[in-house]
Amino acid sequence: MQEKYDFIVIGAGVVGCMIARWLSRYEGRVLVIEKQADVGMGTTAANTSIVHAGYDPVPGSLKARMNVKGNAMWDQLKAELNFAFVRSGDYVVAIGEEELPALDTLMVQGRKNGVPGMMIINGAEMRAREKNINPNVSGALWASTGGICDCFQVNVAAGESAAMNGVEFRFNTAFEDFIMEGDRIIGIKTNQGDFLSRWVVNAAGLYSDVVMHKAGVRPEFKIQPRKGEYFVFDRADIQIDNVLFPVPSDAGKGIMVTNTVHGNTIIGPNAQIIDDKEDTSTTIPGMDEIWEGSQKLIPSLDRRHVIATFAGLRAMGNGPCKTPGVNYNKDYIIEIPENVRGFVNLGGIESPGLASSPAIAEEVIDLLKDAGEDLREKKDWEPIRPARPRYRDMSHKDRQLLVEMDPQFGRVICRCENVTEGEILAEIHAPIPALTYDAIKRRTWLGTGRCQGGFDMPRVVAILSRELGVSPMEITKRGHSSEYLVRKTKDLEIADDN
Ligand SMILES: Cc1cc2nc3c(=O)[nH]c(=O)nc-3n(C[C@H](O)[C@H](O)[C@H](O)COP(=O)(O)OP(=O)(O)OC[C@H]3O[C@@H](n4cnc5c(N)ncnc54)[C@H](O)[C@@H]3O)c2cc1C
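What counts as what
Residues numbered from 1 in each chain as written. Predicted model: local features only at pLDDT ≥ 70, side-chain atom pairs only at ≥ 80, totals over all residues. Helix = DSSP H or I, 4+ residues; strand = E, 2+ residues; numbered from the N terminus. Buried ≥ 20, exposed ≤ 12 C-beta atoms within 10 Å, placed from the backbone. Pairing = 2+ DSSP bridges. Near = placed C-beta within 6 Å. Nonpolar A, V, L, I, M, F, W, Y, C, P; charged D, E, K, R; others polar. Axes fitted to C-alpha atoms, helices over the stretch in contact; angles between N-to-C directions. Parallel < 35°, antiparallel > 145°, perpendicular 65-115°, else oblique. Left-handed = near helix turned anticlockwise from the far one by under 90°. Contact = placed C-beta atoms within 7 Å. Domains from an automatic or database assignment. Core = buried A, V, L, I, M, F, W, Y, C linked by C-beta atoms within 7 Å. Arc of directions from axis to C-beta.

**Some points on the environment of Gly-60**
Relative to the helices and strands, Gly-60 resides in the loop between strand S3 (50-51) and helix H2 (62-72). Placed 52 residues apart in sequence, Gly-60 and Lys-112 show a C-alpha to C-alpha distance of 8.2 Å.

In structure tokens, the structure reads:
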């Protein structure tokens with residue numbers, strides 16, 4: 001018999017998981033399907049993790065409204081979901097007198113968008129606030145509501161909150177088509193069978209165009225991936241104290257230099273339009289481009305201290321569409337289309353999609369209510385997703401107490417980032433279990449230091465194998481077809497002997 005739901009969300013990125021958390025507040029059965037092995041393996045896994053203030057989007061756009069509203073929701077969200085977020089403020093930095101007018105333009109745009117707490121400071125003040133800044137700085141726009149977070153922690157926390165409140169998750173489950181009854185969607189077909197539902201929400205990120213086309217919605221809309229590449233610096237190297245953007249150009253917000261909640265400096269992203277939605281490779285020309293861009297803001301960066309590179313793909317919409325006033329590459333689609341019933345359609349959720357994600361979730365709830373859906377709040381909804389101990393961030397005394405309570409927290413598995421076995425076990429047995437190396441890495445930050453997993457990886461494979469009761473040969477980096485081990489060494493010897 002086919003399982004029946006009230007709501008199915010396609011995609012477990014930050015947007016899908018935030019929507020699931022918001023839906024979990026109301027009565028009804030909710031399912032999130034995700035084609036990959038874990039939450040947050042799409043665009044949400046690779047971005048700059050800035051909670052943008054909201055001065056960038058075009059005034060009057062849905063993107064501007066979602067950004068400014070979403071930004072204001074982050075303090076409460078952090079308090080309830082317990083993820084890393086610092087409202088540090090951010091700067092758009094003008095180098096040379098000729099860039100100064102761009103700050104005024106952004107300030108005016110920000111005011112139109114309703115961004116509070118902005119101020120233009122002069123070059124001397126900026127030099128005092130960031131000791132490594134290019135000495136030719138002429139001024140900066142300071143937006144006090146900007147912030148930094150760990151995008152993956154946010155995604156996991158939203159997903160776990162939903163799961164704790166009864167939302168079901170099915171991983172390795174790919175949407176293939178809709179089941180229709182006339183113009184009404186009544187379910188979906190997936191590679192793991194069919195599921196019936198009164199509503200389906202499209203939160204498929206880079207593939208949101210494919211999903212909406214299956215429903216016959218906006219056939220002219222196309223996602224054009226826009227790649228952004230990054231360098232990550234060793235924490236022991238330069239300490240940048242701030243979030244620094246250059247003045248923006250037509251290509252986007254530009255190559256920035258920023259601190260992160262984990263203490264590393266990162267630089268990037270560039271903006272390369274590509275065709276392949278799976279191509280997250282980094283390229284030599286791209287690396288050179290972001291290096292050059294970063295030098296404009298912080299000339300003293302030293303390339304020898306780069307410990308990692310990565311790339312993410314923005315889900316940019318294509319150009320102007322048939323609807324007057326809507327430009328797909330400038331705005332989000334968040335709608336209940338008129339020609340199909342039972343469908344909440346999202347598309348083009350590129351930056352600042354992370355910052356906007358709580359507002360997008362609330363928008364989806366509002367659309368459902370406007371469509372006449374009788375959403376009844378659960379009496380026992382639990383807003384808090386409890387924090388788990390992070391050994392690295394604790395005082396010596398707290399560490400001692402924790403180890404006394406549970407000696408597994410005294411066994412350090414990742415020496416660069418000080419991550420213990422106790423933390424790994426907590427993630428493996430969490431509301432959304434971490435079942436691959438990358439799932440544990442992204443939740444605990446192990447393997448992200450100077451040795452890039454060289455020390456911890458075999459230990460994590462052994463722990464996962466023991467806890468899941470499977471052979472180490474079955475443990476993967478990120479799900480299907482990414483096993484670490486191909487055969488036992490002894491088998492190799494026997495094969496050679498023969
Ligand atoms: C370089 C870069 C920098 C950025 N910087 C920032 C920033 O600093 N601040 C900010 O606010 N935003 C930023 N963004 C944007 C932000 O990362 C995205 O807007 C956000 O992560 C989008 O989340 P999502 O859930 O819509 O998409 P995703 O995270 O991609 O999630 C979509 C999910 O759908 C799944 N899926 C797809 N097809 C199917 C299917 N057929 N069946 C089942 N599942 C499917 C995918 O596997 C994926 O997990 C940046 C983006 C990039 C690329």
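Next comes the rest of the description.
**Remarks on the pairing of strand S5 (residues 90-95)**
With six of six residues buried, S5 lies mostly within the body of the structure. Burial along S5 is two-sided: Asp-90, Val-92 and Ala-94 and Tyr-91, Val-93 and Ile-95, pointing in opposite directions, are all buried. Alignment of S5 against strand S7 (residues 137-143), held across six bridges, turns out to be antiparallel. Considered in S7, the bridge of Ile-95 is made with Val-137. Bridging between S5 and strand S14 (residues 243-246) involves three bridges; their strand directions are parallel. Pairing of Val-93 across the sheet is with Pro-246, part of S14.

**Observations regarding the site of the ligand**
Around the ligand sit 39 residues, and of these Gly-13, Gly-42, Gly-205, Gly-228 and Gly-353 come closest. Broken down by secondary-structure element, the contributors of at least two residues to the shell around the ligand are helix H1 (14-23), strand S18 (306-317) and helix H9 (353-370). Class assignment for the residues of the shell around the ligand results in 19 nonpolar, 16 polar and four charged.

**What to know about the packing of helix H11 (residues 421-428) against helix H13 (residues 457-468)**
Interaxial distance between H11 and H13 falls to 11 Å at its minimum, and their mutual angle equals 45°. As far as their axial angle goes, H13 and H11 are oblique. Crossing hand, H11 versus H13: right-handed. In contact with Glu-421, Ile-424, Leu-425 and Ile-428 of H11, H13 contributes Val-460, Ile-463, Leu-464 and Glu-467. Looking at the contact of H11 with H13 residue by residue, the class counts come to six nonpolar, no polar and two charged.

**Looking at the domain arrangement of the chain**
Taken domain by domain, the chain comprises domain 1 (3-45 + 152-222 + 318-370), domain 2 (90-144 + 227-310) and domain 3 (392-490). Taken over C-alpha atoms, the centre of domain 1 sits 31 Å from the centre of domain 2.

**So, the nonpolar core**
Formed by 120 residues in total, the largest nonpolar core has its most connected members in Ile-8, Ile-10, Ile-19, Tyr-91, Val-93 and Val-201. Residues lining this core come from more than one domain, with at least three contributed by each of domain 1 (3-45 + 152-222 + 318-370) and domain 2 (90-144 + 227-310). The residues contacting Ile-10, other than those within four sequence positions of it, are Ile-33, Phe-175, Val-200, Val-201, Asn-202, Ala-203, Ala-204 and Val-211. Ranked by size, the runner-up nonpolar core spans 20 residues in total, among them Cys-414, Val-419, Leu-435 and Ala-439.

**Section: the packing of H2 against H9**
Direction vectors running N to C along H2 and H9 enclose 105°, while the axes themselves pass 7 Å from each other. Of the possible angle classes, the one that applies to H2 and H9 is roughly perpendicular. Touching Met-66, Asn-67, Lys-69, Gly-70 and Asn-71 of H2 are Ala-355, Ser-356, Ser-357, Pro-358, Ala-359, Ile-360 and Glu-363, all from H9. For the contact of H2 with H9, the residue count by class is five nonpolar, five polar and two charged.

**Observations concerning the sheet that holds strand S8 (residues 147-149)**
Ordered by their spatial adjacency, three strands build an open sheet running S3-S8-S4, and the pairing between neighbours is antiparallel. The open sheet terminates on both sides in strands that have one partner only, identified here as S3 and strand S4 (85-86). Bridge analysis of S4 against S8 gives two bridges, and the strand direction is antiparallel. What sits directly across from Val-86, in S8, is Ile-148.

**A closer look at unusual backbone geometry**
Residue Pro-269 follows Gly-268 across a cis peptide bond; omega there is -10°. Following Ser-351, the chain continues into Pro-352 via a peptide bond in cis, with omega recorded as 5°. Looking at where Pro-352 falls in the secondary structure, it is placed in the loop between strand S20 (343-347) and H9. One non-glycine residue, Asn-82, adopts positive backbone phi at about 55°. The residue Asn-82 is located in the loop between helix H3 (74-81) and S4 in this model. With 17 C-beta atoms counted inside 10 Å, the residue Asn-82 sits in the partly exposed group. For Asn-418, which is not glycine, the phi dihedral falls at a positive 55°.

**Remarks on H3**
Within the sequence span of H3, burial applies to Trp-74, Leu-77 and Leu-81. Along H3, the residues classed as buried sweep out an arc of 60° about the axis, all on the same side. Turned more than 90 degrees away from the buried face of H3, the exposed residues are Asp-75, Gln-76 and Ala-79. Each element contacted by the buried residues of H3 is listed here: S3, H2, S4, S8, helix H6 (151-164) and H9. Phi turns positive, to about 55°, at Asn-82, one or two residues after H3.

**Considering the environment of Trp-142**
Within the fold, Trp-142 resides in strand S7. Separated by 35 residues in the primary sequence, Trp-142 and Met-107 place their C-alpha atoms 9.3 Å from one another.

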